[in-house]
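The residues making up each chain are set out below.
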Amino acid sequence: MNIKRHDTGARMSRAVIHNGAAYLCGQVASPAARGGDVTEQTKSTLAQIDALLEEIGSSRERLLTATLYLKRAEDFAAMNAVWDAWVPEGHAPARTCVLGPMPAEELLVEITVTAAVDQG
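Cut-off values and rules
Residues numbered from 1 in each chain as written. Predicted model: local features only at pLDDT ≥ 70, side-chain atom pairs only at ≥ 80, totals over all residues. Heavy atoms only, no water. Core = buried A, V, L, I, M, F, W, Y, C linked by side-chain atoms within 4.5 Å. Buried < 20%, exposed > 50% of the residue type's maximum accessible area, 1.4 Å probe, protein only. Helix = DSSP H or I, 4+ residues; strand = E, 2+ residues; numbered from the N terminus. Contact = heavy atoms within 4.5 Å. Salt bridge = Lys/Arg side-chain N within 4 Å of Asp/Glu carboxyl O.

Undergrad: Before we move on, can you summarise the nonpolar core with the specific residues and values?
TA: Core analysis: the largest hydrophobic core is formed by 25 residues, its most contacted members being Leu 24, Ile 49, Ile 56, Trp 83 and Ile 111. Among the elements of the structure, strand 2 (13-18), strand 3 (21-24), helix 1 (38-56), strand 4 (63-70), helix 2 (76-86) and strand 6 (109-116) are those that each provide at least two residues to this core. Other than its neighbours up to four places away in sequence, Trp 83 contacts Leu 46, Ala 66, Leu 68, Pro 93, Arg 95 and Ile 111.

What follows is the structure, encoded as structure tokens:
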């Protein structure tokens, strides 16, 4: 069994790759974007996902699943507008969106994805 861990710390890895799939840890807005609205925070979070996917040899075109966590229901439409523009046409993953508390008060959205990667 070949498991590759990326940026592993005491509590978690930023990504774990196994059997051609990469499981990313939850991503949140960069510190600079944390004071912004859900649109700014979603853009920042997705940019971080793009960067991490690139680091591990994948991309948003290879998404398998996504789970989006929102702090407030009223942010659903604004978050979806950013999400819909980010997901390449024809490459939408299986997706779940839930409401829930965030790990820090200023955070409005957290996103985790699973993506296909080449084995090697």
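Undergrad: Can you explain the environment of Val 16? Please cite residues and give values.
TA: Relative to the assigned elements, Val 16 resides in strand 2. In this structure the C-alpha to C-alpha distance between Val 16 and Ile 56, which are 40 residues apart in sequence, comes to 9.5 Å. Leave out the neighbours within four places in its chain, and Val 16 touches Ile 3, Lys 4, Arg 5, Ala 21, Ala 22 and Tyr 23.

Undergrad: Residue-level account of the pattern of salt bridges, with values.
TA: Tallying each qualifying case throughout the model produces 7 salt bridges. The salt bridge partner of Asp 118 is Arg 62, with a shortest N-O separation of 3.5 Å. Taken together, the positions of Asp 118 in the segment after strand 6 and Arg 62 in the loop between helix 1 and strand 4 put the pair 56 residues apart, joining distant regions of the chain. Classification of Asp 118 by relative accessible area gives exposed; the value is 60%. The exposure class assigned to Arg 62 is partly exposed, which follows from its relative accessible area of 27%. With a closest N to O distance of 3.0 Å, Lys 71 and Glu 105 form a salt bridge. Here Lys 71, found in the loop between strand 4 and helix 2, pairs with Glu 105, found in the loop between strand 5 (94-99) and strand 6; they are 34 residues apart in sequence, far enough to count as distant.

No statement about biological role is implied by the geometric values presented.
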